[in-house]
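# Reading the structure
One letter stands for each residue in the lines below.
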Amino acid sequence: AALGFETRVGIMVKTHPGRLAAAAEEMAKDRNIHHVLICTGYFDILAWGVFRTSTEMADFVRRRLVGVQGVLRYEVLLQTAVPKRSFSLPPPFGL
């Protein structure tokens, strides 16, 4: 992996309704988290992160994520393969 970052994860977080924005902002402060999205559905936050090792990722979850006020539940998705990666946008509807 480039620059020694081996572990890519998606982190889905369910928050207390009154703490959603603050929880998202707190997660965004971590240097390993590069996208934080507030979304609809069962989970309120979807974050993407890159860590040097799985141990570093586990430390983030055990030490930082569980300490974020308002986090009720979370699920971590470990990326194992990338069948497609695209940075282009699809054409607008109606074309």
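Description of the structure in this document. (Residues numbered from 1 in each chain as written. Predicted model: local features only at pLDDT ≥ 70, side-chain atom pairs only at ≥ 80, totals over all residues. Heavy atoms only, no water.)

### So, the overall build of the protein
What counts here: Each helix is a run of DSSP H or I of at least 4 residues and each strand a run of E of at least 2, with the numbering of both proceeding from the N terminus. Residue burial is assigned from relative accessible area. The probe radius is 1.4 Å, only protein chains are included, and a residue is buried under 20% of its type maximum, exposed over 50%, and partly exposed in between. Throughout, a residue-residue contact means that at least one pair of heavy atoms, one from each residue, lies within 4.5 Å. The protein chains shown are the only cover counted for residues, whose accessible areas, like all others here, come from Shrake-Rupley with a 1.4 Å probe. The charged-residue count follows a simple rule in which Lys and Arg add positive charge and Asp and Glu add negative charge, with His and chain termini not counted at all. Where a charge lies is defined by one atom per residue type, namely NZ (Lys), CZ (Arg), CG (Asp) and CD (Glu).
A count of helices and strands for the protein gives two helices and four strands. The helix and strand sequence of the protein, counted from the amino end, reads β-α-β-β-α-β. In terms of its C-alpha atoms, the protein occupies a principal-axis envelope of roughly 45 × 35 × 20 Å. For the protein, the proportion of its 95 residues judged to be buried stands at 32%. In the protein, of all internal contacts separated by at least 6 residues, the share reaching a separation of at least 24 is 65%. Accessible surface, the protein as shown: approximately 6700 Å² in total, 58% of it carbon and sulfur. Separation of charge centres in the protein, based on 12 positive and 8 negative side chains, amounts to 2 Å.

### Focus: the nonpolar core
Test applied: In these notes, a set of buried Ala, Val, Leu, Ile, Met, Phe, Trp, Tyr and Cys residues joined through side-chain atoms within 4.5 Å is what counts as a nonpolar core.
Judged by nonpolar contacts, the single largest core of 16 residues is most densely connected at Ile 11, Val 13, Met 27, Phe 60 and Leu 65. Of all the secondary-structure elements, those providing two or more residues to this core are β1 (7-15), α1 (20-28), β3 (45-51) and α2 (54-64). Those residues within four positions of Phe 60 in sequence are excluded, and the remaining contacts are Ile 11, Asp 30, Ile 33, Phe 51 and Leu 65.

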